[in-house]
Amino acid sequence: MSADPHIRSVAPAWLERPADANGLAPAVWPAAATRGADGVLELGGIPATALRERFGTPLYVVDEDEVRGTARRTLDAFRAAAALHGVQARVYYAGKAFLSTEVVRWVTEEGLAVDVCSGGELAVALAAGADPARLGFHGNNKSMAELERAVEAGIGSIVIDSLIEIERLAAILERRGATQAVLLRVNSGVHAETHDFLATAHEDQKFGFTLTDAPAAAARIRELPGLELVGLHCHIGSQIFGTAGFEESASRLVELHAELREGGELPVLNLGGGFGIAYTSVDDPTPIEALALGIAEAVARQCEVRGIPVPNLAFEPGRAIVGRAGVTLYEIGTTKPVALESGDFRLYVSVDGGMSDNARPALYGAQFSARIASRASDVEPVLTRVVGKHCESGDIVVDAEYLPGDVSPGDMLAVPATGAYCFSLSNNYNYVPRPPVVALRGGEARVIVRGETIDDLLARDAGLSTVHDGRELAGAPTEGRQRMPVPSERSEPK
């Protein structure tokens, strides 16, 4: 059922009714996203319909050129800003945003280091051939095995998050006769202007040391052989616009930095990441060049006040590198006009994915945009809510968007700015297989992470009978959704 284009609707105050419901907001979509003469969305020069035919839906699509270009631009911006104050800057790619061996290769080839926060992420980075000396290791509960592997690999730095971790790491280093550069994670007390679950510099949270407790932790690190304290680390949150929060946090960190320098040099100040991107047409993120200049200037100014040299700077953008490069493609299954208590209507558009491939709206109310990808339409736009196929009322993909009133089953829908934290948070809720990830470059598409099938999910079920009953457990996969045998498919002995 399609919506009547004249249905009344109530939109959130921030949502602007588009003059053209086919239009692609430049700040939200990859630079190479366009519409062809037939109205079909093209990503990296490839029609979305061709991607669906080859790989199926749902489908994560990542523009490799966009990732590489953004990585270069970000590194150039921070290096230039630091150079104005006579110091160097290192940019780590925050792997938690989206990590695969291909992505590690892209960012390291463009000059970035890589930040990991689990043994699994460390394994991916090493498998991709990343230089261990250019890796940083985060985490509030690193296991002994993870720390052991990091030291064994020769990791560049470990960010210390607790007193217990200091002792764990020191024991490993003593046993190995090794040394390890470490940074001390500090809560600056600056709260980012974002959702509470995204703000990570509150005093009442799991990460790091308060400004009050940090000196004692630093002293303990310096007491122990093998541990080399090289600097401080702070991360104030995610999806942040503007420089005010970073500048205030820098002020507090520099004060602590100056105090700790009395016990030895601290050559590095890592101010984390959290730089925001546009998810909707009304979002106005701060250009990375402005962020770099503003933060570097704030650090230099605070150092000058205290009469100390400016330390080398480090940053950890993740979303800002890959977010805009990603687009998720879906197929619409049903549409349903729903009457609201106010007497207005909202059109519900259900797609073949949902919170299993994009958990962000359900986790913290993240907003996204959407456009019909398989055609253009001149029908008047109506207020819609794009929802997934999961048995959960909170399974929302796009909470509020204007789509043409003739949006129908079989249409393709594209959701932009899904390069960060969508694949990373993907799951198998309702036993839905995770989609493949396809990279685009030079007009070509290739799978960089294989998608799952029902057979893959059943293969992990230890209770599955080994008796083959002759039934096919899943249909023939499209490319990127490789079929994996399950125990029931083993041949019976003759």
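Residues numbered from 1 in each chain as written. Predicted model: local features only at pLDDT ≥ 70, side-chain atom pairs only at ≥ 80, totals over all residues. Heavy atoms only, no water.

A. Structural context of the environment of Ala278. Relative to the helices and strands, Ala278 resides in the loop between strand S12 (268-270) and helix H9 (288-306). Apart from the residues lying within four places of it in its own chain, the contact partners of Ala278 are Ala27, Val28, Asp283, Pro285 and Ala417. (Helix = DSSP H or I, 4+ residues; strand = E, 2+ residues; numbered from the N terminus. Contact = heavy atoms within 4.5 Å.)

B. Looking closely at the pairing of strand S11 (residues 227-233). Of all seven residues that make up S11, six are buried, and the element is covered over most of its length. Alignment of strand S9 (residues 180-187) against S11, held across six bridges, turns out to be parallel. Paired with Arg185 across the strands is His233, a residue of S11. By the bridge criterion, three bridges tie S11 to S12 in an arrangement that is parallel. Residue pairing in the sheet places Gly231 in a bridge with Val268 of S12. (Buried < 20%, exposed > 50% of the residue type's maximum accessible area, 1.4 Å probe, protein only. Pairing = 2+ DSSP bridges.)

C. Broad picture of the pattern of salt bridges. Going through the model one piece at a time under the given rule, you end up with 28 salt bridges. The residue Arg72 makes a salt bridge to Glu110 at a minimum N-O spacing of 3.2 Å. Linking Arg72 in helix H2 (residues 64-83) with Glu110 in the loop between helix H3 (101-109) and strand S6 (113-116), this pair joins segments that are 38 residues apart in sequence. We classify Glu110 as buried; its relative accessible area is 16%. Among the ionic pairs, Glu102 bridges to Arg446, the shortest N-O distance being 2.5 Å. Taken together, the residues Glu102 in helix H3 and Arg446 in strand S21 (residues 444-449) connect sequence positions 344 residues apart. (Salt bridge = Lys/Arg side-chain N within 4 Å of Asp/Glu carboxyl O.)

D. Quick look at the nonpolar core. Ranked by internal contacts, the top residues of the largest apolar core, which has 132 residues, are Leu51, Tyr93, Leu184 and Leu329. In terms of residue count, the dominant contributor to this core is H9 (eight residues). The residues touching Leu184, leaving out its near neighbours within four places in the chain, are Ile160, Phe209, Ala214, Ala217, Ala218, Ile221, Leu229, Gly231, Leu232 and His233. (Core = buried A, V, L, I, M, F, W, Y, C linked by side-chain atoms within 4.5 Å.)

E. Looking closely at the state of the cysteines. Going through the model one piece at a time under the given rule, you end up with zero disulfides. The thiol of Cys234 is unpaired, and the distance to the nearest cysteine sulfur, on Cys303, comes to 15 Å. Relative accessible area serves as the criterion here: at 1%, Cys234 is assigned to the buried category. (Disulfide = S-S within 2.5 Å.)

F. Representation of the packing of aromatic side chains in the model. Per the stated rule, a full pass over the model turns up six aromatic pairs. Relative to Phe315, the ring of Phe78 has its centre 4.1 Å away and its plane inclined at 25°; by these criteria the two rings are stacked. Placement of the pair is Phe78 in helix H2 and Phe315 in strand S13 (residues 312-315), with a sequence separation of 237 residues. Aromatic rings pair up to connect Phe78, Phe246, Phe275 and Phe315 into one cluster. (Phe/Tyr/Trp six-rings, centres within 6.5 Å; stacked < 30°, edge-to-face > 60°.)

G. Examining the pairing of S9 more closely. With respect to burial, S9 is a largely interior element, eight of its eight residues being buried. Going residue by residue along S9, you find Gln180, Val182, Leu184 and Val186 tucked away on one face and Ala181, Leu183, Arg185 and Asn187 tucked away on the opposite face as well. Of the pairings in the sheet, the one linking strand S8 (residues 157-160) to S9 comprises three bridges and is parallel in character. Looking at the pairing, Ile160 lines up with Leu184 of S9.

H. Structural view of helix H7 (residues 214-223). Among the residues making up H7, those that are buried are Ala214, Ala217, Ala218 and Ile221. End-on, the buried residues of H7 take up no more than an arc of 100°, which puts them together on one face. The outward face of H7, more than 90 degrees from its buried face, is lined by the exposed residues Ala216 and Glu223. Contact partners of the buried residues in H7: S8, helix H6 (163-176), S9, strand S10 (209-210), S11 and helix H8 (244-260). (Arc of directions from axis to C-beta.)

I. Here's a closer look at the packing of H2 against H3. At a closest axis distance of 9 Å, the pairing of H2 and H3 adopts a crossing angle of 40°. In terms of crossing hand, the pair formed by H2 and H3 is right-handed. On H3, the residues that touch Glu64, Val67 and Arg68 of H2 are Trp106, Val107 and Glu109. Along the lines of polarity and charge, the residues of the contact of H2 with H3 split into three nonpolar, no polar and three charged. (Axes fitted to C-alpha atoms, helices over the stretch in contact; angles between N-to-C directions. Left-handed = near helix turned anticlockwise from the far one by under 90°. Nonpolar A, V, L, I, M, F, W, Y, C, P; charged D, E, K, R; others polar.)

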